[in-house]
Amino acid sequence: MELRILVSLAAFFLFLSIIRPLVRGLWKLDGLAACPLLALGIMVGIFPAYGFRPECIPLLFFALFLTFANLPDLSALFFGLQSDSYRDRGLLFTLTTGAVFACTLWITLYFAPPMDMEIFYERIETIQLQDSRRGAEFNVRIYDPERGESAASADRPLLILVPPVAGSFPVIDAVCGALGERGFTVITYSRTGFDSPAVDGSGMPVRLFLPGLYRLINALCRGLSDAAANAGGRELEEGRRFDAEFLLRELSVNNTLRDKLPGADRNCVFLAGYGAGGAALTVLAGMEDFAASHPQVRGIIAVESPLLSSLEGDAPPLPPPSPDNPVGAFTRRAGDFAGSFIPKKITHIGTIPRPLLPVLFILSDRVIQNRSGRYETILRTLGAARNMALLVAAPGAGPFDYSDSPRYYPIYSALFRGAAYREGRAAGPDMTAALITNFAALVLESTRAGETSGNAPLAATVLDGGIHVETGGVWQIPGGRTILQP
């Protein structure tokens with residue numbers, strides 16, 4: 001509601017500026033010249049206060065345009081001069097500006113988040129952890145419905161869910177809650193200075209990390225084709241890899257964290273991640289030393305996680321021999337300097353992970369037709385897996401539909417729809433939790449040899465047979481069952 005009020009206030013200021021040339025009664029109100037600037041200030045302030053709001057960007061740019069268009073009158077106001085240049089605007093300009101204003105305002109309000117933004121799941125605790133090695137601060141959220149006297153004997157499988165860098169844990173709160181209801185104890189987190197925005201324990205944004213936001217957008221838009229953007233994506237993957245290793249380490253040594261998990265079996269851990277987090281976990285699953293040193297990790301789930309770290313560009317050519325004369329040396333240095341500004345392209349796929357742990361890839365249904373480009377690294381990893389490997393795609397699901405992003409950021413779902421999109425949500429938090437739970441239940445059953453038989457059972461769900469499924473690696477489902485009908 002607060003966000004809508006601010007947008008409406010900014011829109012009111014812009015509306016006054018637009019209609020001023022047409023309403024004679026407003027001509028003598030010189031202070032109206034500042035209305036576009038006030039609207040611009042409100043729109044700019046929304047982002048640090050409420051995090052990155054993509055639906056507000058069109059209205060923000062419109063306010064910026066109208067501020068520049070109104071600059072003569074604004075300057076006259078500040079210097080105590082008289083100016084009526086706004087009256088020189090023709091009717092065509094006013095009508096066109098009004099139409100653009102109406103369009104941008106409709107986008108901002110139509111794709112605004114719902115007024116009820118409270119957390120779905122109530123049985124949670126939040127603690128803060130510090131990674132002194134990297135100087136990183138974590139707000140860790142624990143979802144565990146098994147509280148009280150029965151918690152200590154529950155032996156619930158533990159799932160560490162690495163959130164998307166954009167949106168952090170509010171957009172996966174419903175997923176975590178649904179996983180908790182199906183039998184997991186779930187841990188997720190937000191990291192200050194990395195997530196955009198970082199989120200405190202109450203779920204409110206505490207800081208919009210602009211460099212990280214730019215790096216994230218650049219990696220998402222150009223990471224598959226541009227080497228510089230790809231390098232930013234690699235940094236995101238590396239950061240999430242260190243996060244996962246840190247949390248696994250804290251489970252062993254941090255008594256405060258362990259005391260918050262009385263019903264969780266720390267010897268039965270699943271790792272799941274979105275985007276760069278899922279890619280980082282896939283890389284970890286392919287590391288022999290990781291699998292050997294973390295026997296408690298039973299499986300990996302990667303949600304819409306292309307492996308940017310497996311993409312490479314052509315190696316730079318060997319430099320020619322250094323010229324002997326000063327003019328030639330200067331020319332060469334100038335050419336090298338100019339060449340450094342030329343974008344380097346991604347040209348091929350390099351080394352891909354070969355997971356030693358069971359892995360599940362949850363993807364948009366675009367993977368069914370698009371076997372190259374964004375999903376080619378995942379498909380190759382699926383075929384190269386040295387353990388159980390599955391790929392699933394719900395019909396009509398877009399890249400953001402496996403989280404609660406369509407609720408918090410409706411414009412994402414509208415812009416990035418699935419190939420077989422139909423009205424209504426084809427995927428969502430419940431389906432995501434069901435896929436993860438079914439996969440974990442099958443993994444535990446296939447590897448059960450006494451040490452896992454004491455785990456509390458996971459509540460598997462029969463799913464629609466229309467979900468696309470591919471298998472890879474050495475897949476051994478007990479009894480010929482599938483992830484859709486476990």
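Everything numeric in this text was worked out from a predicted model, so none of it was measured.

Trainee: I'm lost on the nonpolar core in this one. Help?
Mentor: If you look at the biggest cluster of nonpolar residues, it comprises 75 residues, and the most contacted ones within it are Leu-159, Leu-161, Leu-179, Phe-270, Ile-301 and Ile-362. Of the residues forming this core, the biggest block, 11 residues, is contributed by helix 16 (residues 429-447). For Leu-159, the contacting residues outside a window of four places in its chain are Leu-179, Phe-184, Thr-185, Val-186, Ile-187, Phe-270, Ala-272 and Ile-436.

Trainee: What am I meant to see in the pairing of strand 7 (residues 264-274) here?
Mentor: Side-chain direction in a regular strand flips from residue to residue, so the side chains alternate between the two faces of the sheet. Burial of strand 7 is extensive: nine of the 11 residues sit out of reach of the surface. Two strands pair when backbone bridges link them, and strand 3 (residues 156-162) and strand 7 are joined in this way by seven bridges, in the parallel orientation. Directly across from Pro-157, in strand 7, lies its bridge partner Asp-265. Inspection of the sheet shows strand 7 paired to strand 8 (residues 297-303) by six bridges, in the parallel sense. Of the residues in strand 8, the one forming a bridge with Tyr-274 is Val-303.

Trainee: Sorry if this is basic, but what is going on with the packing of helix 8 (residues 227-253) against helix 10 (residues 276-285) here?
Mentor: Two measures define how a pair of helices packs: the angle their axes make with one another and the distance between the axes. It is the contact of helix 8 with helix 10, at a shortest axis distance of 8 Å, that shows an interaxial angle of 65°. Comparing their axes, helix 10 and helix 8 come out roughly perpendicular. Helix 10 is crossed by helix 8, and the crossing has right-handed handedness. Contact residues: helix 8 offers Leu-236, Glu-237, Arg-240, Arg-241, Ala-244 and Glu-245, while helix 10 offers Ala-276, Gly-277, Ala-279, Ala-280, Leu-281 and Leu-284.

Trainee: What is the right way to look at the packing of helix 3 (residues 57-69) against helix 5 (residues 91-110) in this model?
Mentor: Interhelical geometry of helix 3 versus helix 5 gives an angle of 150° and a closest axis separation of 8 Å. In terms of axis orientation, helix 3 runs roughly antiparallel to helix 5. In terms of crossing hand, the pair formed by helix 3 and helix 5 is left-handed. In this structure, helix 3 uses Pro-58, Leu-59, Phe-62, Phe-65 and Leu-66 to contact helix 5, whose residues at the interface are Phe-93, Thr-97, Val-100, Phe-101, Thr-104, Leu-105, Ile-107 and Thr-108.

Rules used throughout
Residues numbered from 1 in each chain as written. Predicted model: local features only at pLDDT ≥ 70, side-chain atom pairs only at ≥ 80, totals over all residues. Heavy atoms only, no water. Core = buried A, V, L, I, M, F, W, Y, C linked by side-chain atoms within 4.5 Å. Buried < 20%, exposed > 50% of the residue type's maximum accessible area, 1.4 Å probe, protein only. Helix = DSSP H or I, 4+ residues; strand = E, 2+ residues; numbered from the N terminus. Contact = heavy atoms within 4.5 Å. Pairing = 2+ DSSP bridges. Axes fitted to C-alpha atoms, helices over the stretch in contact; angles between N-to-C directions. Parallel < 35°, antiparallel > 145°, perpendicular 65-115°, else oblique. Left-handed = near helix turned anticlockwise from the far one by under 90°.

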